[in-house]
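Geometric and topological summary
Given next are the chains, with one letter for each unit.
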Amino acid sequence: MAAINRYDGSSESPDRGKEYYNKEEVNIAAGAEVYAEDENHHLHRGLKARQITMIAIGGAIGTGLIIGTGKSLAQAGPAPLFIGYTLVGFLCFLVMAALGEMACWLPLPSGFTGYATRFVDPALGFALGWNYWFKYIIVTPNNLTAASLVIQYWVPREKVNPGAFIAVFLVAIVLINYFGVRFFGEFEFYLSSIKVIVIIGLILLSLILACGGGPNHHATGFEYWKHPGAFHEYILTGAAGRFLAVWSTFTTAVFAYLGTELVGVTVGEAANPRKVIPRAIKLTFYRILLFYVVLVFLLGMLVPYNSKELIDSNKKSNTASASPFVVAIKLSGIHSLPGILNACILIFVFSAANSDLYIASRTLFGLAHEKKAPKIFTYTDKRGVPIAALALSVAFCLLAFLGVNTASYTVFGYFVNLVTMFGLLTWISLLVSHIYFVRARRAQNIPDSALAYVAPLGVYGSWGALIFSILIAFFKGFALFCYKVTATKGTKPVFDWRTFITTYLGIPLYIIMIFGYKWSMKTEMVRPETADLYSGKARIDAEEAEFIAAEQAKKGGPETTMEKVYRYTFGWLF
């Protein structure tokens, strides 16, 4: 059993001292261990501040925003779309703030798994880690398939087999991840920069069109909020129908926001995590406000929810034709932009697949690091790449070749449904971990002033976000139970049991993993007084001090071209 720690204002535990840190033990109270951290079992802190900041931005921008918003607009109307994305955006910020507080105190290479294991229960760490890995070995091949669908905008599948494009994209993301975190970080920096430029361009274009700057010179303003209306009543009528319209947007919004937490996975490879992570977390609020809330607000001004073009677009694939913004562009009389936007969507999907593979490999490494996966997955090469974890994650990417057959698209639809629940369970677990982390540091007399970053709303914000997340997860498939009302006229109402299973399957699987691990490993809940808040911290502090010293020594030296470009463009804002 670990000794009780008391904070004395220093970065190390006074009750343990240097001898403890040399043993490289982690979470003795929970019975977990970490393999000796030699050069072949250790991630390299090669991600720079600008890379992590832009990766965090890029993680918040994907097809869920560019394409997924169309379904919610047609189903619920502009007001519910705006309300739903705003509320879920605030929920996302609370999750990120909770994660940031833990990550800044202890930037663990094991990521989410380590926090749940140390502060709550090793069983939760086991379930969270494997749940997160399952999510990304599903979503990575799904994005590769989506990329081949985007290509079909220019090259029909009858002309070139989609499998050829899937193979090209797969080889590309494998090579990017294989060449090390420095190369990955630089590549994602450029891709995320393009994403930001595209979204800012869309915002400006939407604002111009709403003000009548398009070819048809029609200033829509709030015209579509009056006719056909701000709310499209869903299932029921009156106030109940408007409420359900708002609630129906939550699931779509959650799927759009999933991925913002990936910054928590990068902390194990961040060069100066205690400076970089707080900045990335603080800016999350403004990114959500700018990229999501403002954009969906403008979208609701440009496209009426009963637009035939919008309804038709929701029946299409992941090409630009499926984007409500293309509908807005066409309605305004512009005909040349859809192809350009499709190229942007291709970049979005490729970037998502690239970062998804990165997260999958690091999550499996973290599980092995906490001894919840075979030891071989802790092996890293001289560049700090977890080769075995990457290889297994790549093996599951071969599922993308199912996309060669169009019949598989239905299966991928079920996968996406499953991923949303996995994402919600991840948020719930992170919030629970933060609540227990706050309890532990209070029990061990660690004040807020000792932390590099403190969640703005503290434990109360995490409690509120936890309740909200549980409600969204529990009522995610509420429309399935209204099948008699939602059935198309003239057809026999049938309960969609396939969608029901994929919607809620993640919950029983998660519970089985938690209690199965508890039963087999005989684990116990971690008590606040004995929670391990210090193991490995000395090494992280030393790496941080070494980095700061190197940066200070560099001051006065020549500024690199990339640093200069970033400083004059995104550096002032991000």
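Residues numbered from 1 in each chain as written. Predicted model: local features only at pLDDT ≥ 70, side-chain atom pairs only at ≥ 80, totals over all residues. Heavy atoms only, no water.

1. Structural notes on helix α22 (residues 506-521)
With 16 residues, α22 extends 22 Å from end C-alpha to end C-alpha; this agrees with the ideal 22 Å at 1.5 Å per step. All of the buried residues along α22 are Gly506, Tyr510, Met513, Ile514 and Tyr517. Each buried residue of α22 sits inside an arc of 90 degrees when the element is viewed along its axis, so together they form one side. Seen from the buried face of α22, the exposed residues on the opposite side, beyond 90 degrees, are Ile512, Phe515 and Trp519. Two residues or fewer past α22, Lys522 is found with a positive phi of approximately 55 degrees. (Helix = DSSP H or I, 4+ residues; strand = E, 2+ residues; numbered from the N terminus. Expected span 1.5 Å × (residues − 1). Buried < 20%, exposed > 50% of the residue type's maximum accessible area, 1.4 Å probe, protein only. Arc of directions from axis to C-beta.)

2. With respect to the nonpolar core
Considering soluble globular proteins, one finds that nonpolar side chains tend to be buried as a cluster. Counting residues in each nonpolar core, the largest one holds 172 residues, and the members touching the most others are Ile199 and Tyr257. Ignoring sequence-local partners within four residues, the contact set of Ile199 consists of Ile61, Leu65, Ile66, Phe291, Leu295 and Phe348. (Core = buried A, V, L, I, M, F, W, Y, C linked by side-chain atoms within 4.5 Å. Contact = heavy atoms within 4.5 Å.)

3. Section: unusual backbone geometry
That bond from His227 to Pro228 is cis: its omega, 10 degrees, falls within 30 degrees of zero. Checked against the element boundaries, Pro228 lands in helix α10 (residues 223-229). If you check the backbone angles, Ile235 has positive phi at about 70 degrees while not being a glycine. Summarising the element assignment, Ile235 is placed in the loop between α10 and α11 (238-257). We note that Lys522 has phi near 55 degrees; this positive angle belongs to a residue other than glycine. Position of Lys522 relative to the elements: it lies in the loop between α22 and α23 (537-554).

4. Section: the packing of helix α5 (residues 78-105) against helix α6 (residues 111-119)
At a closest axis distance of 11 Å, the pairing of α5 and α6 adopts a crossing angle of 80 degrees. Classified by the interaxial angle, the pair formed by α5 and α6 is roughly perpendicular. On α6, the residues touching Leu99, Met102 and Ala103 of α5 are Phe112, Tyr115 and Phe119. Each residue belonging to the contact of α5 with α6 can be placed in one class, and the counts come to six nonpolar, no polar and no charged. (Axes fitted to C-alpha atoms, helices over the stretch in contact; angles between N-to-C directions. Parallel < 35°, antiparallel > 145°, perpendicular 65-115°, else oblique. Nonpolar A, V, L, I, M, F, W, Y, C, P; charged D, E, K, R; others polar.)

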